Amino acid sequence: MSVSVKSLVSTLSARGPHRVLRGNLGIAGQPGVVYTPESGLNLPAVAFAHGWLTSAENYKSLLEHVASWGFVVAAPDTERGPIPSHLDLAADLLTTLDIVSKVRLGDGTISVHPDRLALAGHGMGAGAAVIAAAQRRVGAVAALYPAPTAPAAENIAPQLDIPALILTGSELDSANSNARDLATAWAGPSILRRVDGASNNGIIEGRRLFAALGAGRYEHKTERATRALLTGYLLNTLLGDKTYAPFADPEAEIPQSTVVDPTAEVGVETPKLSIGTVAKLIKG
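In every chain, residue numbers begin from 1 and rise along the written sequence. Residue-level local features of this predicted model are given only where pLDDT is at least 70; pairs of side-chain atoms are given and counted only at 80 or more, and the full residue set underlies all totals for whole chains, interfaces and linings. Excluded from the side-chain calculation are hydrogens and water; included are all heavy atoms of the structure.

S.K.: Any details on the overall build of the protein chain? Residues and values, ideally.
M.R.: A run of H or I in DSSP counts as a helix once it spans at least four residues, and a run of E counts as a strand once it spans at least two, with each numbered from the N terminus. On a plain count of helices and strands, the protein chain comes out with nine helices and nine strands. Across the protein chain, contacts joining residues at least 24 apart in sequence account for 70% of those joining residues at least 6 apart. Per-residue and other accessible areas follow the Shrake-Rupley method at a 1.4 Å probe size, with only the shown protein chains counted as cover for residues. Carbon and sulfur atoms provide 53% of the accessible area of the protein chain, an area that totals close to 13,200 Å². Contact between two residues is taken to exist if any of their heavy atoms lie within 4.5 Å; hydrogens are not considered.

S.K.: Residues and numbers for helix α1 (residues 5-13), please.
M.R.: Burial classes: relative accessible area under 20% of the type maximum marks a residue as buried, over 50% as exposed, and values in between as partly exposed (1.4 Å probe, protein chains only). Looking at α1, one finds that the buried residues are Leu8, Val9, Leu12 and Ser13. End-on, the buried residues of α1 take up no more than an arc of 130°, which puts them together on one face. Looking at the buried residues of α1, the elements they touch are α2 (60-68) and α8 (220-237). By arc we mean the arc of the directions from the helix axis to the C-beta atoms, nothing more.

S.K.: Please provide a residue-by-residue account of the pairing of strand β5 (residues 110-122), values included.
M.R.: Here, a strand pair is defined by DSSP locating no fewer than two bridges between the strands. Alignment of strand β3 (residues 40-49) against β5, held across seven bridges, turns out to be parallel. Bridging across to β5, Val46 finds its partner in Ala118. The pairing of β5 with strand β6 (residues 140-144) spans five bridges and is parallel. Counterpart to Ala120 in the pairing with β6 is Ala142. With strands facing away from the observer, any crossover in which the path from the first strand over the helix to the second runs clockwise is taken as right-handed. Since β5 and β6 lie parallel, the crossover through helix α4 (residues 124-133) that links them has a hand, and here it is right-handed.

S.K.: An account of α8 is requested, with residue identities and associated values reported.
M.R.: Under the 1.5 Å per step criterion, the end-to-end length of α8 is 26 Å for 18 residues, consistent within 8% with the ideal 26 Å. Counting buried positions along α8 gives 14 out of 18 residues, so the element sits mostly inside the fold. What a helix should span is 1.5 Å times the count of its residues minus one.

S.K.: I'd like a rundown of the nonpolar core, residues and numbers included.
M.R.: Only buried residues count toward a nonpolar core. Its members are Ala, Val, Leu, Ile, Met, Phe, Trp, Tyr and Cys residues joined through side-chain atoms within 4.5 Å. Core analysis: the largest hydrophobic core is formed by 45 residues, its most contacted members being Val72, Val100, Leu119 and Trp186. Among the elements that line this core, the one with the most residues is α4, at eight residues. Apart from residues no more than four positions distant in its own chain, Trp186 is found in contact with Val130, Val141, Ala157, Leu160, Ile162, Pro163 and Ala164. Ranked by size, the runner-up nonpolar core spans 42 residues in total, among them Val9, Ala67, Leu165 and Ala225.

S.K.: Let's hear about the packing of α1 against α8: which residues, and what values?
M.R.: Between α1 and α8, whose axes approach to 8 Å, the crossing angle comes to 105°. Between α1 and α8, the angle is such that the two are roughly perpendicular. Of α8, the residues touching α1 (which contributes Val9, Leu12 and Ser13) are Arg224, Arg227, Ala228, Thr231, Gly232 and Leu235. For the contact of α1 with α8, the residue count by class is four nonpolar, three polar and two charged. Whenever a helix is involved, its axis is fitted only over the stretch in contact; in every case the axis is a line through C-alpha atoms, and angles between N-to-C directions fall within 0 to 180 degrees. Roughly parallel refers to an angle under 35 degrees, roughly antiparallel to one over 145, roughly perpendicular to one between 65 and 115, and oblique to any angle outside these ranges. When residue character is reported, Ala, Val, Leu, Ile, Met, Phe, Trp, Tyr, Cys and Pro are called nonpolar, Asp, Glu, Lys and Arg charged, and the others, Gly included, polar.

S.K.: I'd like a rundown of the environment of Ser174, residues and numbers included.
M.R.: Relative to the elements of secondary structure, Ser174 occurs in the loop between β7 (164-168) and α6 (179-185). Here the alpha-carbon distance between Ser174 and Ala147, two residues 27 residues apart in the chain, equals 9.8 Å. Each polar contact in these results corresponds to two N or O atoms within 3.5 Å; when the atoms are within protein, one needs to be able to donate a hydrogen and the other to accept it, and residues that are neighboring in sequence are counted only if both atoms are side-chain atoms. Among the polar contacts listed, one links the side chain of Ser174 to the backbone oxygen of Glu171, at a separation of 3.0 Å.

S.K.: Residues and numbers for the packing of α2 against α8, please.
M.R.: It is at 10 Å that the axes of α2 and α8 come closest, and there the two elements cross at 35°. Both α2 and α8 take part in a crossing whose hand is right-handed. On α8, the residues touching Ser61, Leu62, His65 and Val66 of α2 are Glu223, Arg227, Leu230, Thr231 and Leu234. The residue makeup of the contact of α2 with α8, split by class, is four nonpolar, three polar and two charged. Each crossing is labelled by how the near helix is turned from the far one, with a counterclockwise turn of less than a right angle marking it left-handed and a clockwise turn marking it right-handed.

Written out as structure tokens, the structure is:
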């Protein structure tokens, strides 16, 4: 009997079956962090890029969560200043993939399959993942709440025929989001999903000062929905696990999210009028 999508979301929102180890990419010359299952050979791997004015540490729960489901997850910890280079962050993502896919990890009992690689990122890091994907073919790209970059990720997307998951929040059509343009331009199979009630910075952990200044608060509900959607998508696209096929299906209805047609005309919201205003208009 098939498992319901609602049940799958609930399962994927919780930690996976693997105990997670943490390592330092700096040992291999790349500042950053790596999370791995306790053991495993030919594992899938994801290189993840952080958003603007954040670090890999701000995504600790998300990265650990994906690792607990059997993935090696590595995140470079560079370009953290106010004027980052998106090209350099993309280059660091590629270096990170090289490290985890060519070096035995842990005590030598952990290895990565060279054909089971994905690139992911949040905000500007999502754009960096797209830039990197144009330089090295991977199995999938996950752009979480993408923000504009230089060069523009949407100008690179027509070159990419690989699968892509693009998540967005309520600011889908704001100046700080290029999710719609990215999904429209993507050459390969892509899915644009809006996470219900999410802000685009809701998955960033530990930024109390920025939250106090109105730059967005961490949203536990958003992070739970994001990790379920991301993990399910990667399990299907990188490992071919058909159990999680709905997460890579643009027609599937998944709780806590809504599929968005990026080519649909953006409607202008009709202002709501009070009964008193309507009465005045009728009277002339």
